[in-house]
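# Summary of structural features
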Amino acid sequence: MVIRVLCNLTLYGFPLMMPLYLTGVYSDSQTWFTQEEWMRLWAVTSAVQILTNIIWGRLGDRFGWMRQMRWFGFVGMALATLAFGYFPLFFGDNLLMMYLAGVLFSASVTAFVPMGAIFPALAPEHRGAAISAHNLASGLTTFLGPAIVTVFHPLLGSLGVIWVYAALMLLGTVTTFFIHPPQPGITDEQGRELSREEKAAYRAEHGAPGSQRVVVDA
């Protein structure tokens, strides 16, 4: 549940903070961009997520849910968060660089798409309760994301908030090492990652993880 809360904090916090940071409303920022440029940036960031959602769903089934969320999700989000904070300082009003930060943000935040499968996998006898916990954590992150800006910005300033978000993403990275959901072809029923030989045996019998083999009787 902790990683579900952590993974989308910036997704809900940035729409509150970034328009003020990038347009110079905050006293510790500058007028790098206009409101219209910010809206285009966030629109592109949101549009890219449509594609990356599909890609990550497929990749997670093939290469492992937790590995994907650990390295491409949490680590990627830490880097994307820092990029949003520091790219304007390094590159000024270079909107292209902010688009690159937005694409990194999209690719990282959508790497968490396996989360909906992990909750019921961890509690197969209580799938309804697991999905309910998933939805509760989703609701908490919509509250906590903006709350971090509200609480920490007066204390730490804009870059301080950026580092709070980045630190929470790194906390999420560490947390994933303690979560071991069963995933066919990737782990056993206890969540232990299969050896290379075991994965090869699974592929020989069932096909690649995430794929389905259809047998048609003659």
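Above this text sits the structure in question.
Residues numbered from 1 in each chain as written. Predicted model: local features only at pLDDT ≥ 70, side-chain atom pairs only at ≥ 80, totals over all residues. Heavy atoms only, no water.

### Describing a nonpolar patch on the surface
Definition in use: What makes a patch is a set of residues exposed beyond 30% relative accessible area and free of salt bridges, joined within 9 Å when like-charged and within 5 Å when nonpolar (Val, Leu, Ile, Met, Phe, Trp, Tyr). Accessibility throughout is a Shrake-Rupley quantity obtained with a 1.4 Å probe, and a residue counts as covered only by protein chains that appear here. Any carboxyl oxygen of Asp or Glu that lies within 4 Å of a side-chain nitrogen of Lys or Arg is treated as forming a salt bridge with it. Each helix is a run of DSSP H or I of at least 4 residues and each strand a run of E of at least 2, with the numbering of both proceeding from the N terminus. Categorising residues by exposure relies on relative accessible area from a 1.4 Å probe, with only protein chains included: less than 20% of the type maximum marks a residue as buried, more than 50% marks it as exposed, and the intermediate range marks it as partly exposed.
A cluster of nonpolar residues, Met-1, Leu-136, Leu-140, Phe-143 and Leu-144, forms a patch on the protein surface that exposes about 460 Å² of accessible area. Examined against the element boundaries, Met-1 turns out to sit in the segment before helix H1 (2–7). Given a relative accessible area of 42%, Met-1 falls into the partly exposed group.

### A look at the side chain of His-134
Which entries qualify depends on this criterion: Pairs of N or O atoms within 3.5 Å make up the polar contacts considered here, provided that, within protein, one atom can donate a hydrogen while the other can accept it, and that residues adjacent in sequence are counted only when both atoms are side-chain atoms. Whether two residues touch is decided by their heavy atoms; if any such pair falls within 4.5 Å, the residues are in contact.
In this structure, His-134 sits in helix H7 (residues 127–175). Residue classification places His-134 among the buried residues on the basis of a relative accessible area of 15%. Here the side chain of His-134 touches Arg-4 through a polar contact of 3.2 Å, side chain to side chain. His-134 has contacts with Arg-4, Met-115, Gly-116 and Phe-119, leaving out every residue within four places of it along the chain.

### Here we look at the packing of aromatic side chains
The description of two aromatic rings rests on the distance between their centres and on the angle between their planes. What counts here: Only the six-membered ring of Trp is used, alongside the rings of Phe and Tyr, when aromatic pairs are assigned; centres must lie within 6.5 Å, and planes under 30 degrees apart are stacked while those over 60 apart are edge-to-face, with the rest tilted. Charge-over-ring placement is defined geometrically: NZ (Lys) or CZ (Arg) within 6 Å of the ring centre, and within 35 degrees of the ring normal.
Under the defined criterion, the tally for this structure stands at 14 aromatic pairs. Note on Trp-71 and Phe-177: the rings are 6.2 Å apart at their centroids and 80 degrees apart in plane angle, and the pair reads as edge-to-face. Of this pair, Trp-71 sits in helix H4 (residues 65–91) while Phe-177 sits in the loop between H7 and helix H8 (196–206), and the two are 106 residues apart along the sequence. Classification of Trp-71 as partly exposed rests on a relative accessible area of 44%. Residue classification places Phe-177 among the partly exposed positions, given a relative accessible area of 42%. Each member of the aromatic cluster is reached from another via a ring pair, and the members are Phe-14, Trp-38, Trp-42, Phe-84, Phe-105 and Tyr-165. In this structure, Arg-70 packs its charged tip against the face of Phe-177, placed 4.1 Å from the ring centre.

### Here's the deal with the pattern of salt bridges
For the structure shown, the criterion picks out three salt bridges. Of the charged contacts in the structure, one is a salt bridge between Glu-193 and Arg-67, with a shortest N-O distance of 2.3 Å. Of this pair, Glu-193 sits in the loop between H7 and H8 while Arg-67 sits in helix H4, placing them 126 residues apart in sequence. Look at Glu-193 and you get partly exposed, because its relative accessible area is 42%. Since its relative accessible area comes to 32%, Arg-67 is described here as partly exposed. With its nearest N and O atoms 3.0 Å apart, the salt bridge here joins Asp-188 to Arg-192. One network of salt bridges, in which partners are shared, links Asp-188, Arg-192 and Glu-198.

### So, the packing of helix H2 (residues 9–22) against H7
For the record, the criterion: To obtain an axis, a line is fitted to C-alpha atoms, over the contacting stretch when the element is a helix, and the angle between two such axes runs from 0 to 180 degrees between their N-to-C directions. To sort the angles, those under 35 degrees are grouped as roughly parallel, those over 145 as roughly antiparallel, those from 65 to 115 as roughly perpendicular, and the leftovers as oblique. Put simply, a crossing is left-handed when the front helix is turned counterclockwise from the back one by less than a right angle, and right-handed when it is turned clockwise. Three residue categories are used. Nonpolar comprises Ala, Val, Leu, Ile, Met, Phe, Trp, Tyr, Cys and Pro, charged comprises Asp, Glu, Lys and Arg, and polar comprises the others, including Gly.
In contact at an axis separation of 7 Å, H2 and H7 are set at 50 degrees when each is read in the N-to-C sense. When the axes of H2 and H7 are compared, the pair comes out oblique. Considering how the two elements wind past one another, H2 and H7 form a crossing that is right-handed. Broken down by class, the residue content of the contact of H2 with H7 amounts to 17 nonpolar, seven polar and no charged.

### Thoughts on the environment of Ile-50
Mapped onto the fold, Ile-50 is located in helix H3 (residues 35–63). Residue class for Ile-50 comes out exposed when judged on its relative accessible area of 60%.

### So, the nonpolar core
To be explicit about the condition: Among buried residues, those of type Ala, Val, Leu, Ile, Met, Phe, Trp, Tyr and Cys that are joined through side-chain atoms within 4.5 Å constitute a nonpolar core.
Membership of the largest hydrophobic core comes to 44 residues, with the highest contact counts inside it found for Phe-14, Met-18, Leu-22, Phe-84 and Phe-105. Of all elements in the fold, only H1, H2, H3, H4, helix H5 (95–109), helix H6 (115–122) and H7 reach the threshold of two or more residues within this core. If you tally residues by element for this core, the top one is H4, at nine residues. Apart from the residues lying within four places of it in its own chain, the contact partners of Met-18 are Thr-23, Trp-38, Phe-84 and Ile-162.

### Side note on the environment of Leu-96
Mapped onto the fold, Leu-96 is located in helix H5. Note on Leu-96: relative accessible area 55%, which makes it exposed. Sequence separation between Leu-96 and Gly-60 is 36 residues, and the spatial gap between their C-alpha atoms is 29 Å.

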